[in-house]
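As a plain string of letters, each chain reads:
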Amino acid sequence: MSTDHLRRFDPEIHQAVHAEEARQRDQLEMIASENFASRAVLEATGSALTNKYAEGLPGRRYYGGCEHVDVVEGLARARACTLFGADHANVQPHSGAQANLAAFLAFLQPGDRFLGMQLSHGGHLTHGSPVNVSGKWFRVSSYGVRESDGLIDYDIVREQARSECPRLIVAGASAYPRTLDFAAFGEIAREVDALLMVDMAHIAGLVATGVHPSPIPYAHVVTTTTHKTLRGPRGGLILTPAEHARAIDRAVFPGSQGGPMMHVIAAKAVAFREALAPEFSLYTRQVVANARALGDELMEHGFRLVSGGTDTHLILVDFGQDGLSGAQAEAALARVGITVNKNTVPGEYRSPLVTSGIRLGTSALTSRGMGIDEMRLIAGWMARVLLRPEDDEVLGEVRGRVREMSASFPLRKETVPVG
Ligand code: DSN
């Protein structure tokens, strides 16, 4: 996209934007929650719709001049419903955290109890962490993964649900590499008469294409971001059965947000259209195949993966209590141009700023067209760096390989369906 005006008016911001574009292009982006949106998504995000106030919903706005943004939001809602097989979509949440807050507002009163996955076991900040509003305003009980195999033990979740009697159960994670059994969560919620909320932010693209089972048949509300495996603009989305549509809409606006970001909603509509195209299914299948290949190769090199592998786009490497810290690994990989994030692992004893693991994802590299051969090469380079993080000769050589590979795969393949 042309940035001539920005260059002339604000050279400092222009320079930083271009430096970031170069960073994304020249490095290997392996943060599991990131991806590269298409040009069409970027154009919609950068459009004149940013100027428009449109509190309310299509056809029922508090401002004039909404006839065009009504079209946009109508399309976004209809496409989201088609994509996920949902009755109702609210496309206004500014982010995943806002979507979760709105879901809590719709279904809980302050002081109610809910059951969510513990952050250090792969859950999310907004699922009841004491530093987040979800942990401050509600009583929270947490479930984790089994120490022996890193998997959720649904019998333990059931026992906890029976003894804690939560009003709502949250299923969903930001660092769980395996398939989530939404049917089991649904059964547990029914048994204890709780509502089921699913936060599918990480796996939304996989769910949209049937690569991961859908939570829609089991959940009272499903929240997600739109920018991870779904590859849209940065934002949130809530899906719900028709009976809860009004409660959710009111919890978003006026409950917890003001004016919707219509430019981002336009970009969400574009991303949903892209995700409905057959090419997107091929993409998500490749994302998972790539994650499996990356994980297998890392294990060949002697690394331990939480749960012994992956069913998704995500891998969690556990260096162990006496091993490299996640912070050291993140820094060493950054020096060769591989971007990852340090991550707590189940049973973590180091601080969240240090950690004993790293989280890897294949969504962004797969968007560049990389496949299994590239994943195997990258795993080998990572192993060399992580086994000798202070060896400048090794780092220099791997940095050169990373540059060569990045140069061979364009950052943004066009994904917009024709017709
Ligand atoms: N920060 C996101 C992630 O990296 O998983 C979740 O909000």
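Summary of the structure given here. (Residues numbered from 1 in each chain as written. Predicted model: local features only at pLDDT ≥ 70, side-chain atom pairs only at ≥ 80, totals over all residues. Heavy atoms only, no water.)

**Thoughts on helix α10 (residues 245-252)**
Structural remark: α-helix, 3.6 residues per turn; residues separated by three or four positions point the same way. What α10 keeps buried is the set Ala-245, Ile-248, Asp-249, Ala-251 and Val-252. Around the axis of α10, the buried residues are gathered within 165° of arc, so they sit on the same side. The elements touched by buried residues of α10 are β2 (56-57), α4 (67-84), β4 (88-90), α5 (96-107), β9 (221-225) and β10 (236-240). (Buried < 20%, exposed > 50% of the residue type's maximum accessible area, 1.4 Å probe, protein only. Helix = DSSP H or I, 4+ residues; strand = E, 2+ residues; numbered from the N terminus. Arc of directions from axis to C-beta. Contact = heavy atoms within 4.5 Å.)

**What to know about the pairing of strand β5 (residues 113-117)**
For β5, the tally of buried residues reaches four of five residues, placing the bulk of the element in the interior. Judged from the five bridges that link them, β5 and strand β6 (residues 139-143) form a sheet pairing that is parallel. Bridging across to β6, Phe-114 finds its partner in Val-140. Here β5 pairs with strand β7 (residues 168-171) via two bridges, running parallel. Considered in β7, the bridge of Phe-114 is made with Leu-168. (Pairing = 2+ DSSP bridges.)

**Quick notes on the sheet that holds β9**
Spatially, the seven strands line up as an open sheet ordered β4-β10-β9-β8-β7-β5-β6, and their pairing is mixed. With one partner strand each, in any of the chains shown, β4 and β6 form the two edges of the open sheet. The mean angle between the axes of side-by-side strands here comes to 20°, regardless of whether they run parallel or antiparallel. (Axes fitted to C-alpha atoms, helices over the stretch in contact; angles between N-to-C directions.)

**As for the sheet that holds strand β14 (residues 341-343)**
Taken together, the four strands give an open sheet; going across it, the order is β11-β12-β15-β14, and neighbouring strands pair in antiparallel fashion. Looking at which strands have only one partner, the edges of the open sheet turn out to be β11 (304-305) and β14. As judged from the five bridges shared by strand β12 (residues 314-318) and strand β15 (residues 357-361), these two strands associate in the antiparallel manner. Counted as the bridge partner of Leu-314 is Gly-361 from β15. Running at roughly 15° to β12, helix α12 (residues 278-300) makes contact with β11, β12 and β15 of the sheet. Together, β14 and β15 form the strand contacts of helix α13 (residues 326-335), whose direction differs from that of β15 by roughly 50°.

**Examining the packing of helix α7 (residues 154-164) against helix α8 (residues 182-191)**
Interhelical geometry of α7 versus α8 gives an angle of 20° and a closest axis separation of 10 Å. Taken together, α7 and α8 sit at an angle that is classed as roughly parallel. Every pair of crossing elements has a handedness; the one defined by α7 and α8 is right-handed. Residue-level inspection shows Tyr-154, Val-157, Arg-158, Ala-161 and Arg-162 of α7 in contact with α8, the latter providing Ala-184, Phe-185, Glu-187, Ile-188 and Glu-191. Classifying every residue of the contact of α7 with α8 gives six nonpolar, no polar and four charged. (Parallel < 35°, antiparallel > 145°, perpendicular 65-115°, else oblique. Left-handed = near helix turned anticlockwise from the far one by under 90°. Nonpolar A, V, L, I, M, F, W, Y, C, P; charged D, E, K, R; others polar.)

**Some words on the packing of α4 against helix α11 (residues 262-276)**
Direction vectors running N to C along α4 and α11 enclose 35°, while the axes themselves pass 8 Å from each other. The interaxial crossing formed by α4 with α11 has left-handed handedness. Across from Val-69, Val-72, Glu-73, Ala-76, Arg-79, Ala-80, Thr-82 and Leu-83 in α4, the residues of α11 making contact are Met-262, Ile-265, Ala-266, Ala-269, Val-270, Phe-272, Arg-273, Ala-275 and Leu-276.

**A short note on the site of the ligand**
Close contacts around the ligand come from Ser-33, His-124, Ser-174, His-202, Lys-228 and Arg-359, and that covers them all. Side-chain polar atom of Ser-33 to an oxygen atom of the ligand: 2.7 Å apart, as the coordinates give it. Arg-359 is positioned such that a nitrogen or oxygen atom in its side chain is 2.7 Å from an oxygen atom of the ligand. Notes on the ligand: free accessible area 230 Å², of which the protein chains cover 63%. When grouped by side-chain class, the residues that make up the shell around the ligand number no nonpolar, four polar and two charged. (Near = heavy atom within 4 Å. Polar contact = N/O pair within 3.5 Å; in protein donor to acceptor, adjacent residues only side chain to side chain. Areas by Shrake-Rupley, 256 points an atom, 1.4 Å probe, with all protein chains shown as cover.)

**Description of the nonpolar core**
Counting residues in hydrophobic clusters, the biggest one holds 61 residues, and the most contacted among them are Phe-84, Ile-152, Ile-169, Phe-185, Met-200 and Leu-239. For this core, the element with the most residues is α11, which contributes eight residues. One finds Val-317, Ala-329, Ile-378 and Val-398 within the second-largest nonpolar core, a separate group that totals 35 residues. (Core = buried A, V, L, I, M, F, W, Y, C linked by side-chain atoms within 4.5 Å.)

**Things to note about the pattern of salt bridges**
Taken as a whole and assessed by the stated rule, the structure comprises 21 salt bridges. Here Glu-191 makes a salt bridge to Arg-162, at a shortest N to O gap of 2.8 Å. Residue Glu-191 is found in helix α8, and its partner Arg-162 is found in helix α7; the two are separated by 29 residues along the sequence. Overall, Glu-191 belongs to the partly exposed group, its relative accessible area being 39%. Between Asp-392 and Arg-335 there is a salt bridge, with its nearest N and O atoms 3.1 Å apart. (Salt bridge = Lys/Arg side-chain N within 4 Å of Asp/Glu carboxyl O.)

**Looking at α8**
The set of residues buried in α8 consists of Phe-182, Ala-184, Phe-185, Gly-186, Ile-188 and Ala-189. Elements in contact with the buried residues of α8: β6, α7, β7 and β8 (195-199). N-cap assignment for α8: the residue whose side-chain oxygen lies 3.3 Å from the backbone N of Ala-183 is Asp-181.

**Observations concerning the packing of aromatic side chains**
Taken as a whole, this structure holds nine aromatic pairs when the rule is applied. Measuring from centroid to centroid gives 5.3 Å for Tyr-53 and Tyr-63, while their planes differ by 15°, and the two rings are stacked. Linking Tyr-53 in the loop between α3 (39-45) and β2 with Tyr-63 in the loop between β3 (60-61) and α4, this pair joins segments that are ten residues apart in sequence. Owing to a relative accessible area of 47%, Tyr-53 belongs among the partly exposed residues under this scheme. Note on Phe-303 and Phe-319: the rings are 6.2 Å apart at their centroids and 75° apart in plane angle, and the pair reads as edge-to-face. Here the residue Phe-303 occupies a position in the loop between α12 and β11, and Phe-319 occupies one in the loop between β12 and α13, the gap between them amounting to 16 residues. Here the aromatic residues Phe-104, Phe-114 and Phe-138 are joined through ring pairs into a cluster of three or more. Here the guanidinium or amino end of Arg-231 rests over the ring plane of Tyr-283, the centre of that ring lying 4.0 Å away. (Phe/Tyr/Trp six-rings, centres within 6.5 Å; stacked < 30°, edge-to-face > 60°. Lys NZ or Arg CZ within 6 Å of the ring centre and 35° of its normal.)

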